[in-house]
Amino acid sequence: MNYLVHVGILLSACFVYYWFLLRAETHFQLNRWILLACIGASFALPLVTVPADWSLRSHVRTAETADPERPVASEVAMLTSPQTAESQAEASDPKNSILEAASGEAVAENATREEAQSQQGIFQNMDLPKILRWIYLAGVFVFGLHFLLQIGLLLYRMIKRPGYEFDGFRIVELPNQVAPYSFWNRIFLNPSEYDPETFQQIVDHERIHIRQRHSLDILLAELLVVVQWCNPFAWLYRWAMEHNLEFLTDSEMLRQGTDKTGYQMNLVRVSVPNLPQGLTSNYNQNFLKKRIQMMNVKQSTLRSGWKYLALMPLLLFAVLQFNVVAQVPATPQNIDTEQAAQIQTPDDTASPDQAEPLGSRQNAAEISEAPSLQQTQTRPRPNPQPVQVDAFTPNPTPTPVRSISLPDAPADRKTWAATLEGNRIDMHLTVDYQGDHHMNTSLDFLRSDLGELPRNSMGTFSAQRFAGTITFRGVFEGDSGAGLFDFEPSEQLISTLRQNGFSDYNWIELLYFFIGDFEPSFLTMLDREGYEPNKNKLLELMIFGFDESRLRETLTFTEENGFGKPSLEKVIELEIFDVDQEYLRELARAGFPDLELQDAIDGKIHGMSADFIRELARVGFDDLSFREALEMAIHDVNPTYLSDLRTAGYTLNAHQAVEARIHGVSSAYAAELARAGFEDLGLQEVIEARIHGLDAAFVQEMARAGFDGLDFDEIISMSIHGVHSDFVQQFIDAGFEPDANQITSAAIHGVDPESFAEFRAIGFDNLSIDKIIEAKIHGVGPDFAQSFSEFGFRDLSFDDLIAFRIHGVSASFVRRNFEDGDSPEDFINMKIHGRRR
């Protein structure tokens, strides 16, 4: 159990480090490897034994086994002075009744022998470590079974619906309404639910999950929860891994050129109200706003590298401070003076701090089975061996480890974690519902709403709202608590929804009505405002926290700013992207007072702020339209980048700046081209070069192949069409000396030295590169040339063959119209003039 506690502490420390230092960084791929590495380190590092000289612990005892036949100091003290043991027992904590009963030295004057024996039997039957072990193993069994059931359900779906192969993975079409998700190499979705553009983005999104093997991360996170189910930080760790994988996938989608605005709007359409899968990579509406924020946040720089590097010395410190220590046997040289004095002349009046108490060497179970003192004196002692000091008992006296044992979770896993803040309780709920749906959400309660909270022992408390009752079971220690919960929807809620045409909500959907603090008057307000939401739209309003007050605030905000009454879809978008009155005022002060509602949403999505507009104005872009400024914000065209290009000598407008940014043009790249001989390129030419992958290395490669001094059009054309030095060398080895245009044209039309060999085999020697290219252009090959040999046209020139192909003279045409004495020109003229024989 000590090992598992040690693992849990390391894992918790790694999560705290990630949460405060790495969570906001956009190095998502690096974060992925850090999270995986921390899991491995948490399980591996407790197994490391630290040499005594390296340990940072201040109270490390050596093994007192200098002489195999010689008792250690504390044993000598006990054997030579029985009063010492008795005085230690009297001075010890009276709560230590286990040790008193086990040793048989309880105070006989104050209790009868029968009472002492009775107490001894009771305590012997209570094996607390064993009870804790069984509770832990029961939890592992429950959560492990749940994990296997999820795996089985996914395998069942894979077998039942094999799907079809597509680009290295399989698409499985589902008939029911469910959020798209992926697992291993399969994408599960219902194509009928999405338009073609959304469907393609879903496939592209899930393809990234598949190709980067994110399913392995999810499986590892689930196994982590199974092993560390009683550690709240293990659940949070799994949550962090899942979220980082979604951030990573979103970032990769944008890196591949996906339109950010369209992609984010598709996320909104896909994520709500469907609920995603537990073991799968998916769209999750519960942190949709955070995903969008991470897509819009400024990218992290290399300056944040110290945060990743600092983790290693911290783990090393934990190893040196807390790990078990391999110790050398005690010798006369390393036994201190006080120990020697105790061995020679034990002090009957020694205090508990000076004499080693019995409990410091044996636990209660060991004491109850210990041999008599006489046996201890005559028992042969083993050869001295290095011993290990327990990692969590730097003080030789063992301290009881406090643990919280939660009851076995039901098949639908529902857990809570809470933090007390003044008169409020911040409650975080996690649900795995029916093996399919996973939810993480938070809500606040007043302490008075929950009644008396269980302190330091398991208990129950509840919260009631119109939508139903949540019953919590768990414990609070200090300002934190954790446990399990269950939700019972109220009959009033179900009846009200049915009366208004909303039915067939499942349990977890009804839970959102509780979280949103639903009241019947909310439906009255929707009707009064002219809204007629369907089942899914009403659920969306609950998921995003709308009640009467929030909806009224939004409608007032839109009406006061001239937007009229927005649709419910727009109302939800305003909430998701946090578009409020202050943001509109901020844009108005920046020069955009008359925006459409969609403009404001787009601006917020892409992080366009008044500060950004002012920064652009300071570097000369002071007359931008809203769309120009938005495009610059979308593609991170910032003042630093603009100054960089101007330093390189380029004068540019907003459109050129965005295009240059999209294609990665920088002053360093322009300087690289200048060093390669292209010094006077305009910005558009530099952009074109970047698009087609032209760099100094390619220029040098072509120079070594004999193409030195090429102009920009020639070198860019060679780069576009994939000309490389090996291709050029093939022509040189075949005896040709192609120029830049010939070698580029040959690459375009698939001409290589083998093409010459094919024509040589049928008698066409000494063809030029241009002739072979011309033949390729018009589809003239060896088979076409040989098809005319039966008519006596064995000596056709290469130009005749090309002319035949150009004018459509085929072997079958010649066969139908052939007469002795006909020349190739006769058949060409017949085709030109449409004559037949």
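About the cut-offs
- Residues numbered from 1 in each chain as written.
- Predicted model: local features only at pLDDT ≥ 70, side-chain atom pairs only at ≥ 80, totals over all residues.
- Heavy atoms only, no water.
- Helix = DSSP H or I, 4+ residues; strand = E, 2+ residues; numbered from the N terminus.
- Contact = heavy atoms within 4.5 Å.
- Areas by Shrake-Rupley, 256 points an atom, 1.4 Å probe, with all protein chains shown as cover.
- pLDDT = per-residue confidence, 0-100.
- Axes fitted to C-alpha atoms, helices over the stretch in contact; angles between N-to-C directions.
- Parallel < 35°, antiparallel > 145°, perpendicular 65-115°, else oblique.
- Left-handed = near helix turned anticlockwise from the far one by under 90°.
- Pairing = 2+ DSSP bridges.
- Salt bridge = Lys/Arg side-chain N within 4 Å of Asp/Glu carboxyl O.
- Buried < 20%, exposed > 50% of the residue type's maximum accessible area, 1.4 Å probe, protein only.
- Disulfide = S-S within 2.5 Å.
- Patch = residues over 30% accessible without salt bridge, like charges linked within 9 Å, V, L, I, M, F, W, Y side chains within 5 Å.
- Phe/Tyr/Trp six-rings, centres within 6.5 Å; stacked < 30°, edge-to-face > 60°.
- Lys NZ or Arg CZ within 6 Å of the ring centre and 35° of its normal.
- Lys, Arg positive; Asp, Glu negative; His and termini not counted.
- Charge placed at Lys NZ, Arg CZ, Asp CG, Glu CD.
- Nonpolar A, V, L, I, M, F, W, Y, C, P; charged D, E, K, R; others polar.
- Arc of directions from axis to C-beta.
- Core = buried A, V, L, I, M, F, W, Y, C linked by side-chain atoms within 4.5 Å.
- Polar contact = N/O pair within 3.5 Å; in protein donor to acceptor, adjacent residues only side chain to side chain.

**Focus: the overall build of the protein chain**
A count of helices and strands for the protein chain gives 42 helices and 14 strands. Across the protein chain, every contact between residues at least 6 apart in sequence was considered, and the portion connecting residues at least 24 apart equals 64%. As displayed, the protein chain has an accessible area near 42,900 Å², and 51% of this comes from carbon and sulfur atoms.

**Observations concerning the confidence of the model for the protein chain**
When the pLDDT values of the protein chain are averaged, the result is 76; 76% of them are 70 or greater. Segment residues 116-123 is flagged for pLDDT under 50; beyond a separation of four residues in sequence, or across chains, it makes 6 contacts in the model. Ignoring residues within four places in sequence, the model shows residues 272-277, a span with pLDDT below 50, making 32 contacts including any to other chains.

**Digging into unusual backbone geometry**
Positive phi outside glycine occurs at Asp578, with the angle close to 60°. Within the fold, Asp578 resides in the loop between helix 24 (568-576) and helix 25 (581-589). A positive phi is found at Asp636, a non-glycine position, where the angle reads about 55°. As for its position among the elements, Asp636 is in the loop between helix 28 (626-634) and helix 29 (639-647).

**Some thoughts on the packing of helix 38 (residues 769-778) against helix 40 (residues 798-807)**
Between helix 38 and helix 40, whose axes approach to 10 Å, the crossing angle comes to 20°. In terms of axis orientation, helix 38 runs roughly parallel to helix 40. In this structure, the crossing between helix 38 and helix 40 has a hand that is left-handed. Taken together, the residues of helix 40 that come into contact with helix 38 (itself represented by Lys771, Glu774, Ala775 and His778) are Phe798, Asp799, Ile802, Arg805 and Ile806.

**Some remarks on the pairing of strand 12 (residues 459-465)**
Bridge count between strand 12 and strand 13 (residues 468-477): 7 bridges; the pairing is antiparallel. Note on strand 13: the bridge partner recorded for Arg465 is Gly468.

**A few points about the pattern of salt bridges**
Considering all chains together, one arrives at 21 salt bridges under this definition. Put simply, Glu575 and Arg550 hold a salt bridge, and the shortest N to O gap is 3.1 Å. Note that Glu575 is positioned in helix 24 and Arg550 in helix 23 (residues 548-560), a separation of 25 residues in sequence. Accessibility expressed as a relative area gives 29% for Arg550, which makes it partly exposed. Look at the salt bridges and you will find they share partners, linking Glu222, Arg238 and Glu242 into a network.

**Describing the state of the cysteines**
Overall, the coordinates contain 0 disulfides when judged by the stated rule. We note that Cys38 lacks a disulfide partner, and the nearest cysteine sulfur, in Cys14, lies 3.6 Å from it. Judged by its relative accessible area of 4%, Cys38 is buried.

**Quick notes on the pairing of strand 13**
Within a regular strand, side chains alternate between the sheet's two faces. Between strand 12 and strand 13, which follow one another and run antiparallel, lie 2 residues. Direction of pairing for strand 13 relative to strand 14 (residues 480-489): antiparallel, over a ladder of 10 bridges. Considered in strand 14, the bridge of Thr469 is made with Glu488.

**Quick word on a nonpolar patch on the surface**
A cluster of nonpolar side chains, contributed by Phe141, Leu145 and Leu149, occupies part of the molecular surface with about 330 Å² of accessible area. Along the polypeptide, Phe141 turns up in helix 7 (residues 128-160). Take Phe141: its relative accessible area is 58%, and that puts it in the exposed class.

**As for the packing of aromatic side chains**
Applying the stated criterion across every chain, the model contains 29 aromatic pairs. An aromatic cluster is built from Trp416, Phe445, Phe461, Phe472, Phe476 and Phe485, whose rings are joined through pairwise contacts. Between Arg465 and the ring centre of Phe514, over which it is positioned, the NZ or CZ distance is 5.0 Å. Across the ring face of Tyr641, the terminal group of Arg661 is positioned such that the distance to the ring centre comes to 4.4 Å.

**A word on a negative patch on the surface**
The grouping of Asp195, Glu197, Asp259 and Glu631 at the surface amounts to a negative patch. You can see Glu631 is positioned in helix 28.

**Digging into the packing of helix 2 (residues 28-44) against helix 9 (residues 214-227)**
Following both chains from N to C, one finds helix 2 and helix 9 inclined at 35°, their axes separated by 12 Å at the closest point. Seen along the crossing, helix 2 lies across helix 9 with a hand that is left-handed. Each of Arg32, Leu36, Ile39 and Phe43 in helix 2 lies in contact with helix 9, whose residues at this interface are His214, Asp217, Leu220, Leu224 and Val227. Partitioned by chemical class, the residues of the contact of helix 2 with helix 9 number 6 nonpolar, 1 polar and 2 charged.

**Considering helix 38**
Two residues of an α-helix separated by three or four positions point the same way, owing to the 3.6 residues in each turn. Burial in helix 38 covers these residues: Ile769, Ile772, Ile773 and Ala775. The buried residues of helix 38 occupy an angular sector of 160° when the element is viewed end-on, so they sit on one face. Check the buried side of helix 38 and you find it contacts helix 35 (725-733), helix 36 (740-749), helix 37 (753-760) and helix 40. Remark: Gly779 follows helix 38 within two positions and exhibits a positive phi of approximately 75°.

**Remarks on the nonpolar core**
Among the nonpolar cores identified, the biggest contains 155 residues, and Met427, Phe472, Leu511, Phe513, Met608, Met632 and Leu694 are the most heavily contacted of them. The greatest single-element share of this core, amounting to 8 residues, is contributed by helix 20 (residues 507-515). When sequence neighbours within four positions are dropped, the list of residues in contact with Leu511 reads Val431, Met439, Ile470, Phe485 and Phe487. By size, the runner-up hydrophobic cluster in this structure holds 28 residues, among which are Leu11, Ile34, Trp239 and Leu315.

**Overview of the environment of Trp239**
Structurally, Trp239 can be placed in helix 10 (residues 232-255). Note on Trp239: relative accessible area 18%, which makes it buried. Residue contacts for Trp239: discarding those within four places in its chain leaves Trp19 and Asn440.

**Digging into the side chain of His214**
Inspection of the secondary structure assignment puts His214 in helix 9. In this structure the side chain of His214 is engaged in a polar contact, spanning 3.0 Å, whose partner is the side chain of Gln212.

**Considering helix 42 (residues 824-833)**
Taken as a whole, helix 42 has its buried residues at Pro824, Phe827, Ile828 and Met830. All buried residues of helix 42 lie within an arc of 160° about the axis, which places them on one face of the element. For helix 42, the elements touching its buried residues are helix 40 and helix 41 (811-817). Within two residues after helix 42, Gly834 carries a phi angle of roughly 70°, on the positive side.

**Examining the side chain of Glu586**
Along the chain, Glu586 falls in helix 25. We note that Glu586 is buried and unpaired, the nearest opposite charge coming from Arg589 at a distance of 5.6 Å. Sequence-distant contacts of Glu586, that is, excluding residues within four places in its chain, are made with Ser609, Ala610 and Asp611.

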